[in-house]
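A look at the structure
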Amino acid sequence: MGFREDFLWGGATAANQCEGGYNKGGRGLANVDLAPTGKDRFPVITGEMKMFDFDDEHFYPAKEAIDMYTHFKEDIALFAEMGFKTYRLSIAWSRIFPKGDEKEPNEEGLKFYEDIFKECQKYGIEPLVTITHFDCPMHLVEKYGAWRSREMIGFYENLCRVIFNRYKGLVKYWLTFNEINMILHAPFMGAGLYFEEGENKEQVKYQAAHHELVASAIATKIAHEVDPENQVGCMLAAGTNYPYTCNPEDVWAAKKSDRENYFFIDVQSRGEYPAYALLKMEREGIVIDMTEEDLALLKEYTVDFISFSYYSSRVQTTDPELLEQTAGNIFASVKNPYLPASEWGWQIDPLGLRITMNDLYDRYQKPLFIVENGLGAVDTPDENGYVADDYRIEYLAAHIEAMRDAVELDGVDLMGYTSWGCIDLVSAGTGEMKKRYGFIYVDRDNEGNGTLKRSKKKSFDWYKKVIATNGQDLENN
Ligand code: BG6
């Protein structure tokens, strides 16, 4: 058996973490531009600290990032050399609509992505486009409070209509919101939400999430109307929660934590709010402004496939003695004593990927797409500038093997795999450059110094072989 013949192997990036050119081509300012490096990053991305413009005290890595804005042809040629079948990238909303609420789009921004998609087409690479990877034009944040406002649905709809029509024939795979559940954990970065003193944050977050869910359903509707070939996916920051012990209290805590994340996908895939979520909101006094029309849209326009990121499993316990935390993708978890961890403390659990895939497939029975997975590590080039990243190969091989097991032994339907940060880029969590995920090294440091020269790491040739053998040969030789 093995992977599908048309399995979509590739890599993933996000506009704000690689493009740079934050003020080029008529682009407007976005929330993601304003996340600095250093100790203030976390308060900013969680909406606790107001950062609505640049200041002189901070460094903002997204401004230049790895300047893919000017290097994209070179970068896509390297992806093609590895044999990519797909390239996951995101559109910067404020390149297309600099303020977000204009009627007419910015032609220069539209042309920029058209050039990228044509470049992909030249090599037979299928673009997989995230419509919003955390970004929101700052004008929408300041004037409307971003996703807390219902008006956002209309602005997003306008963006979707424009891009679906313009890129018809060039793009057929779309994701509506990157890691939609991140709105709960990093609300400013994830959805442009900044909180005023004394506000009921949960109320704001769930109302904003509702607007995103309705916007996602509308996007699915329009995508199918514009081109029946279009396929639309949701996107979850996944990673099953394990109970720390078999104490039913721990098992229940793990289940509750899973549901906090599945809630979004339950709506996007099954078409309605699950009873557990409605009851939880009621208990917590969260009242969502929800119309009959919203409910009808959610019901009718569910997603075609389920995409997700997977970096690690998580652990839950109710025992206060055992609450030693470990870092994870934005939100921390209880430390799992059975697992090793990356240099950033993210625990490494390949079998957890198989478990997560099974959980998602059992729950939704729709094709899955792994659109992020990888190891953030410090790479040290040798005297010739070469990075022998055996640790990355080991991580990826173990995860690909686990996903092969999920396909071959468990019968999970998997469309593709795009490893995260196929070219080194700025970390979303920390803003660092030295947390690298790529097969391609980029000469740039945390302070923004470096030539931006691209060079192939050892994992480059390894991944090329993995793709050429459709995931059968994972040996590191
Ligand atoms: C996901 C995001 O949360 O994880 C990416 O979709 C992010 O944008 C990735 O870069 C890895 O996280 P980090 O913090 O190591 O960049």
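The coordinates are above.
Presented here is an overview of the structure given in this document.

Cut-offs applied
Every chain's residues receive numbers from 1 upward, in the order its sequence appears when written. Owing to the predicted nature of the model, reporting of local features is limited to residues with pLDDT of at least 70; listing and counting of side-chain atom pairs is limited to 80 or more, with chain, interface and lining totals taken over all residues. Water and hydrogen atoms were dropped before computing side-chain values, which therefore reflect all heavy atoms in the structure. Numbering of helices and strands starts at the N terminus; helices are DSSP runs of H or I of at least 4 residues and strands are runs of E of at least 2. Only heavy atoms enter the contact rule, under which two residues are in contact if any of them lie within 4.5 Å. Residues belong to a common nonpolar core when they are buried Ala, Val, Leu, Ile, Met, Phe, Trp, Tyr or Cys residues joined through side-chain atoms within 4.5 Å. Residue exposure (1.4 Å probe, protein chains only): buried if accessible area is under 20% of the type maximum, exposed if over 50%, otherwise partly exposed. The rule for a residue being near a molecule or strand is that one of its heavy atoms must lie within 4 Å of it. Here a polar contact is recorded for every N or O atom pair within 3.5 Å, except that within protein the pair must consist of a potential hydrogen donor and a potential acceptor, and residues adjacent in sequence are included only if both atoms are side-chain atoms. Note on areas: Shrake-Rupley, 1.4 Å probe, and residue coverage restricted to the protein chains presented here. The nonpolar class holds Ala, Val, Leu, Ile, Met, Phe, Trp, Tyr, Cys and Pro. Asp, Glu, Lys and Arg form the charged class, and all remaining residues, Gly among them, are polar. By this rule, a helix spans an expected 1.5 Å times one less than how many residues it contains. Any two strands between which DSSP finds at least two bridges are classified as paired. Between the N-to-C directions of two axes lies an angle of 0 to 180 degrees, each axis being a line fitted to C-alpha atoms and, for a helix, fitted only over the stretch in contact.

1. Some remarks on the environment of A402
Tracing the backbone through its elements, the reader meets A402 in helix α14 (residues 390–408). For the pair formed by A402 and A217, sequence separation is 185 residues and the distance between their alpha carbons is 32 Å. Filtering out sequence-adjacent residues up to four positions away, A402 remains in contact with P350, L351 and R354.

2. A few points about the nonpolar core
Residues F79, Y113, Y167, M403 and Y463 are the most contacted members of the largest nonpolar core, which totals 142 residues. At 13 residues, the largest contribution of residues to this core is made by helix α9 (residues 201–226). Residues contacting M403, with those up to four places away along its chain left out, are F3, F7, W9, L353, M357, I370, L414 and Y417. In terms of nonpolar packing, the next biggest core, distinct from the first, is built from 10 residues, A35, F134, M189 and A428 among them.

3. Overview of the site of the ligand
Of all residues adjacent to the ligand, which total 16 residues, the nearest are Q17, E179, E372, K435 and Y437. One nitrogen or oxygen atom from the side chain of N178 is found 3.0 Å from an oxygen atom belonging to the ligand. Between S427 and the ligand, the recorded distance is 3.2 Å, taken from a side-chain N or O atom to an oxygen atom. Its free accessible area being 380 Å², the ligand has 98% of it covered by the protein chains. For the shell around the ligand, a count of residues per class yields 7 nonpolar, 6 polar and 3 charged.

4. A word on helix α7 (residues 151–166)
Under the 1.5 Å per step criterion, the end-to-end length of α7 is 23 Å for 16 residues, consistent within 8% with the ideal 22 Å. For α7, every residue scored as buried is listed here: M152, I153, F155, Y156, L159, C160, V162, I163 and F164. Packed against the buried residues of α7 are α4 (93–96), α5 (107–122), β3 (126–132), α6 (138–144), β4 (173–177) and α9.

5. Thoughts on the sheet that holds strand β2 (residues 86–90)
Judged by pairing direction, the barrel is parallel, and its 8 strands sit side by side in the order β1-β2-β3-β4-β5-β7-β11-β12 before closing back on the first. Strand-to-strand twist in this sheet, taken as the mean axis angle between neighbours without regard to direction, amounts to 25 degrees. Note: strand β1 (residues 8–12) against β2, 3 bridges, orientation parallel. The residue bridging G11 from the neighbouring strand is Y87, located in β2. Packed onto the sheet, helix α13 (residues 350–364) meets β5 (231–238), β7 (305–310), β11 (368–372) and β12 (414–420) and runs at close to 155 degrees relative to β7. On top of the sheet, α14 reaches β1, β7, β11 and β12; it is set at about 170 degrees to β12, its chief contact.

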